[in-house]
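Next come the chains, spelled out residue by residue.
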Amino acid sequence: MKPKFKLKTAVIFLGVIISFNLQAQPVKLHGNLSIQGIQLTDEHGKPVVLNGVSYGWSNWWSEFYNEKSVAWLANDWKCDVIRAAMGIEPDGGYIEKPQWTKEKIETVIKAAIKNNIYVIIDWHSHNIRLPEAKEFFADMATKYGKNPHVIYELYNEPVKDSWTQVKDYSIELIKIIRAIDPDNLILVGSPHWDQDINLAADEPITGYKNIMYTCHFYAGTHGQSLRDKCDYAIKKGIPVFISESAGMEASGNGPINYAEWQKWIDWCASNKISLVTWSVSAKRETCSMMKQGVSPEGNWKETDLQESGIKTRELLRKQAESQK
Ligand code: MG
């Protein structure tokens, strides 16, 4: 009896270790992502919801773009996905310092691959820069398109561009990416700070697979009327991905509106929509998750985090638990 008992105990123990590792490594669990109807789906044909955080602008928060912070966000914050927000136009952004910027972004991409979480390569711009974007995404697709971890986000937030302009820009980039990488997920922005997703829904991009459309919300500013636009998009049959969001005002400052933030979180859960929260940075403003002066390499204690960081970590750990 004794050896049998030991064997059984060992099997249970091994099972716990295996399931823990699978939970901690979303890409091992879900593999290649695709769209079935409007639902993000894993390679086993099951609906999948990704939850995680966005790094702040790479030009202002480059010190956070390191391997250790990625590992910490994967293991302690239980992120399924992280977003590398590559600043394009400001001083120190991709236009001014392309090689340096790309190194920062690739550090995060490689660390995400190592930790088996998904990573959004976000062209973090407010204006169209087609020639530079073409060259960049061709390079990214060539280097990383074979990895199931990688998601391309073509345009953070258009401001003045019409949907026709955003659509034409996106198609040009989709053609470039698809010639190299036939399958990885591509996120397309929508006009007016990613809030007019209804316009994209009225005239979506056709002829390409695994395309999703992004909506961004800040719960202190955006409530039911923006959810109505998302519901409209869903009814029209286009897949929605919340690639940037947070609980305070759209400025990134002001108090957190907990009631409205929770409505968004519940809405995402009930519609099986992925949710990314802004941002890993350390400015004296509500949306920065870290306090000024913290180590950029993770290992953060609760006392290192600002209110939005504490709440976002709590949310992510709860979401990871509920997905078990
Ligand atoms: Mg691929």
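Throughout what follows, the structure given in this document is the object of discussion. (Residues numbered from 1 in each chain as written. Predicted model: local features only at pLDDT ≥ 70, side-chain atom pairs only at ≥ 80, totals over all residues. Heavy atoms only, no water.)

Along the chain, tryptophan 278 connects to serine 279 via a cis peptide bond; the corresponding omega equals 0°. Of note, serine 279 is situated in strand S10 (residues 275-280). Not every positive phi belongs to a glycine, and lysine 78 is a case in point at roughly 60°. (Helix = DSSP H or I, 4+ residues; strand = E, 2+ residues; numbered from the N terminus.)

Right, let's talk about the nonpolar core for a bit. If you look at soluble globular proteins, the nonpolar side chains tend to sit buried side by side. Formed by 83 residues in total, the largest nonpolar core has its most connected members in Trp77, Ile82, Leu154 and Met290. Not counting residues up to four positions away in its chain, the partners in contact with tryptophan 77 are Val53, Trp72, Met289, Met290, Trp300, Leu305, Gly309, Thr312, Arg313, Leu316 and Arg317. Core analysis: the next-biggest nonpolar cluster, separate from the first, contains 15 residues, Leu33, Val81, Ile151 and Phe241 among them. (Core = buried A, V, L, I, M, F, W, Y, C linked by side-chain atoms within 4.5 Å. Buried < 20%, exposed > 50% of the residue type's maximum accessible area, 1.4 Å probe, protein only. Contact = heavy atoms within 4.5 Å.)

The N-to-C vectors of helix H3 (residues 67-75) and helix H4 (residues 98-115) enclose an angle of 40°; their axes lie 9 Å apart at closest approach. Taken together, the axis directions place H3 and H4 in an arrangement best described as oblique. The hand of the H3/H4 crossing is right-handed. The residues of H4 that touch H3, namely those facing Glu67, Val70, Ala71, Ala74 and Asn75, are Thr107, Val108, Ala111, Ala112, Lys114 and Asn115. Broken down by class, the residue content of the contact of H3 with H4 amounts to 6 nonpolar, 3 polar and 2 charged. (Axes fitted to C-alpha atoms, helices over the stretch in contact; angles between N-to-C directions. Parallel < 35°, antiparallel > 145°, perpendicular 65-115°, else oblique. Left-handed = near helix turned anticlockwise from the far one by under 90°. Nonpolar A, V, L, I, M, F, W, Y, C, P; charged D, E, K, R; others polar.)

It is worth spelling out the coordination of the magnesium ion at this point. The protein atoms that coordinate the magnesium ion are Gly145 (O), Asp181 (OD), Asp183 (OD) and Asn184 (OD1), at distances of 2.1 to 2.3 Å. Along the chain, the residues donating to the magnesium ion fall in the pattern G-x35-D-x1-D-N. Residue glycine 145 is located in the loop between helix H5 (130-144) and strand S6 (150-153), and its partner aspartate 181 is located in the loop between helix H6 (163-180) and strand S7 (186-188); the two are separated by 36 residues in the primary sequence. Neither glycine 145 nor aspartate 181 differs from the other in exposure class; each is buried. (Donors = N, O, S within 2.8 Å, 3.2 Å for Na, K, Ca; no water.)

A separate point is the layout of surface pockets. Rolled over the atoms, a probe with the dimensions of a water molecule shows which regions are left empty. In this structure, the largest pocket encloses a volume near 800 Å³. Around the largest pocket, the lining comprises 35 residues; the ones closest to its centre are Asn51, Gln319, Ala320, Ser322 and Gln323. Going through the elements one at a time, helix H1 (2-24), helix H2 (26-30), helix H10 (258-271) and helix H11 (307-322) are the ones with two or more residues in the lining of the largest pocket. It is H11 that contributes the most residues to the lining of the largest pocket, 9 residues altogether. The residue makeup of the lining of the largest pocket, split by class, is 18 nonpolar, 7 polar and 10 charged. Estimated volume of the second largest pocket: approximately 450 Å³. Around the second largest pocket sit 24 residues that line it, and Trp57, Tyr218, Ala250, Ser251 and Trp278 are the ones nearest its centre. Among the elements of the structure, strand S8 (211-218) and S10 are those that each provide at least two residues to the lining of the second largest pocket. In the lining of the second largest pocket, the residues fall into 8 nonpolar, 12 polar and 4 charged. (1 Å grid on protein atoms, 1.4 Å probe; cavity = no way out; pocket = protein on both sides within 12 Å on 5 of 7 lines; lining within 4 Å. Points joined across faces, edges and corners; volume = space filled by probe spheres on them.)

Next up on the list: the packing of aromatic side chains. One pass over the full model with this rule turns up 16 aromatic pairs. An aromatic cluster of three or more residues is present, and its members are Tyr94, Trp123, Phe136, Phe137 and Tyr152. One cation-aromatic arrangement involves lysine 97 over tryptophan 100; the distance from NZ or CZ to the ring centre is 3.9 Å. (Phe/Tyr/Trp six-rings, centres within 6.5 Å; stacked < 30°, edge-to-face > 60°. Lys NZ or Arg CZ within 6 Å of the ring centre and 35° of its normal.)

In this structure, proline 47 sits in the loop between strand S2 (39-41) and strand S3 (51-55). Counting along the chain gives 12 residues from proline 47 to isoleucine 35, while the straight-line C-alpha distance between them is 9.1 Å. In this structure proline 47 touches Gln39, Leu40, Thr41 and Lys272, once residues within four positions along its chain are discounted.

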